[in-house]
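Analysis of the macromolecular model
Each chain, letter by letter, is given below.
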Amino acid sequence: MPNRKKRSRGSCKTSANPIADQNEDREVKMMMDESRNDSSGDSDDDLTFVAAPQCTQNDDESDDDMDGGETIAASERNVSVEFLFSDPREAHFHSVKQFLLVYLPPSQPFDVSGLANAIVGQVTAGTMICVEGEDDVYGFITALSLKTFGKETSIKQIVQYVTKKCPNSDLPNLQHILNTKNVGLVLNERMVNLPYQLVPALHSALHEDIEWAIENEDTQELRNSFQMDYFLILATCSEERGGSERSTKGKKTKIAYEQTARFFHKFEDEFLEQEAELTFSFDTPLTERECVDKSSKSTVVILLEREKHKAALASVSAIINV
């Protein structure tokens, strides 16, 4: 397993360019502005969310807004959250495990704890999105080399699961790449309401970590372990279907479904799929809530070259204008 060391990080803010600012700590501020009017002086690095207009307060209620004889205007009431990119550590284990419980199909007996341990134990290549002073993780990304972690139970289970689900037409190519190339299993999870402006920088941080490790790890064996040729990604995709009832006299009512929308749970996976050398999908079990929503869920396996993953970040940045 890789040593617990990593490239140094500074204390600069996240650059608008997701490829820039290597070897720097990244910081993004999310401002939730409760005022009625937008502020024209907002920085490009701030994420501002304006709440709905508030009702006019009466004289008694306005007394609660007095501080030292001065009224605190609604436009000045802000809640600032600073998200920091930090190195993985053991304190992140429980947060990472909770993400994995949602990410991995519940119908399969995956070693979730073992996988979470591998993620937080690899400091060299991996980034956690946190808030300063807290151990909670709001998102993370890492790449685990199948050559380095191939004997771990959790990794063997995932590889066997993907291989079993692979169509016969794609199986020879999949097995050839897994057996002859250094493949990294990319695990990338985050809260659904995390600011999407963080996404390009998060993926870029992974490449920066890998490139640092290739040049600076202590032994040649460790340096070679990060020379990943391919990334293996298991993306989650949903298909929402609309239905209409049709009844025939003397027969049961039937519902005809038509596919209405297909979307990836993480928007960047759509761009990564376009760059894939091999991709296939298979249905995964639905939760009770998803069954009510008339949606189906599938896992999309994406196998692409590491350099093509890096190149795709330009498209991801362009779509969100960062």
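Everything that follows concerns the structure shown earlier in this document.
What comes next concerns the included structure. (Residues numbered from 1 in each chain as written. Predicted model: local features only at pLDDT ≥ 70, side-chain atom pairs only at ≥ 80, totals over all residues. Heavy atoms only, no water.)

1. What to know about the overall build of the protein chain
Scanning the protein chain for helices and strands turns up eleven helices and twelve strands. For the protein chain, the residues scored as buried account for 43% of the 322 residues in total. Of the roughly 17500 Å² that the protein chain leaves accessible, carbon and sulfur atoms contribute 45%. (Helix = DSSP H or I, 4+ residues; strand = E, 2+ residues; numbered from the N terminus. Buried < 20%, exposed > 50% of the residue type's maximum accessible area, 1.4 Å probe, protein only. Areas by Shrake-Rupley, 256 points an atom, 1.4 Å probe, with all protein chains shown as cover.)

2. Concerning the nonpolar core
Counting 40 residues, the largest nonpolar core has L100, L115, I119, F140 and L174 as its most contacted members. The element contributing the most residues to this core is helix α3 (residues 112–121), with six residues. With residues up to four places along the chain from it excluded, the contact list for L174 reads V162, T163, C166, L278, F280 and L303. Counting 31 residues, the second-largest nonpolar core is a separate cluster that includes F85, A125, V131 and V186. (Core = buried A, V, L, I, M, F, W, Y, C linked by side-chain atoms within 4.5 Å. Contact = heavy atoms within 4.5 Å.)

3. Here's the deal with empty space enclosed by the protein
Summed over the entire model, instances satisfying the criterion amount to one cavity of 30 Å³ or more. The volume enclosed by the largest cavity comes to roughly 50 Å³. Together, Y103, V186, N188, E189, H203, I233, L234, K266 and D269 line the largest cavity. Listed by contribution, the elements that provide at least two residues to the lining of the largest cavity are β8 (183–190) and β9 (230–246). Of the residues forming the lining of the largest cavity, the biggest block, three residues, is contributed by β8. (1 Å grid on protein atoms, 1.4 Å probe; cavity = no way out; pocket = protein on both sides within 12 Å on 5 of 7 lines; lining within 4 Å. Points joined across faces, edges and corners; volume = space filled by probe spheres on them.)

4. A few points about the pattern of salt bridges
Taken as a whole, this structure holds five salt bridges when the rule is applied. A salt bridge links E189 to K266, with the nearest nitrogen and oxygen atoms 3.0 Å apart. With E189 in strand β8 and K266 in the loop between β10 (254–264) and α9 (268–274), the pair connects residues that are 77 residues apart, well separated along the chain. Residue E189 is classed as buried on the basis of its relative accessible area, which comes to 11%. (Salt bridge = Lys/Arg side-chain N within 4 Å of Asp/Glu carboxyl O.)

5. Comments concerning the side chain of D269
Position of D269 among the secondary structure elements: in helix α9. The charged side chain of D269 is buried without a salt bridge, its nearest counter-charge being K266 at 4.3 Å. If we skip the residues at most four places from it in the chain, D269 touches I233, A235, F264 and I302. (Lys, Arg positive; Asp, Glu negative; His and termini not counted.)

6. A look at the packing of helix α7 (residues 199–216) against helix α11 (residues 306–320)
The description of two packed helices rests on the angle between their axes and on the distance between the axes. At a minimum axis distance of 9 Å, the contact between α7 and α11 shows a crossing angle of 155°. Considering the angle they form, α7 stands roughly antiparallel to α11. Here the hand of the crossing between α7 and α11 comes out left-handed. Contacts from V199, P200, H203, S204, H207, I210, E211 and I214 of α7 reach α11 at R306, H309, K310, L313, V316, S317 and I320. Class assignment of the residues belonging to the contact of α7 with α11 gives a composition of seven nonpolar, five polar and three charged. (Axes fitted to C-alpha atoms, helices over the stretch in contact; angles between N-to-C directions. Parallel < 35°, antiparallel > 145°, perpendicular 65-115°, else oblique. Left-handed = near helix turned anticlockwise from the far one by under 90°. Nonpolar A, V, L, I, M, F, W, Y, C, P; charged D, E, K, R; others polar.)

7. A few points about the side chain of R306
Here R306 shows up in helix α11. Exposure remark for R306: the relative accessible area of 8% places this residue in the buried category. Among the polar contacts made by the side chain of R306, one reaches the main-chain carbonyl oxygen of M228 at a distance of 2.7 Å. Residues in contact with R306, not counting those within four places in the same chain, are H207, I210, I214, Q227, M228, D229, Y230 and F231. (Polar contact = N/O pair within 3.5 Å; in protein donor to acceptor, adjacent residues only side chain to side chain.)

8. Digging into the environment of H94
Looking at the element boundaries, H94 is found in helix α2 (residues 93–103). Under the relative-accessibility criterion, H94 is labelled exposed at 59%. Along the sequence, H94 and D136 sit 42 residues apart, while their C-alpha atoms lie 8.4 Å from each other.

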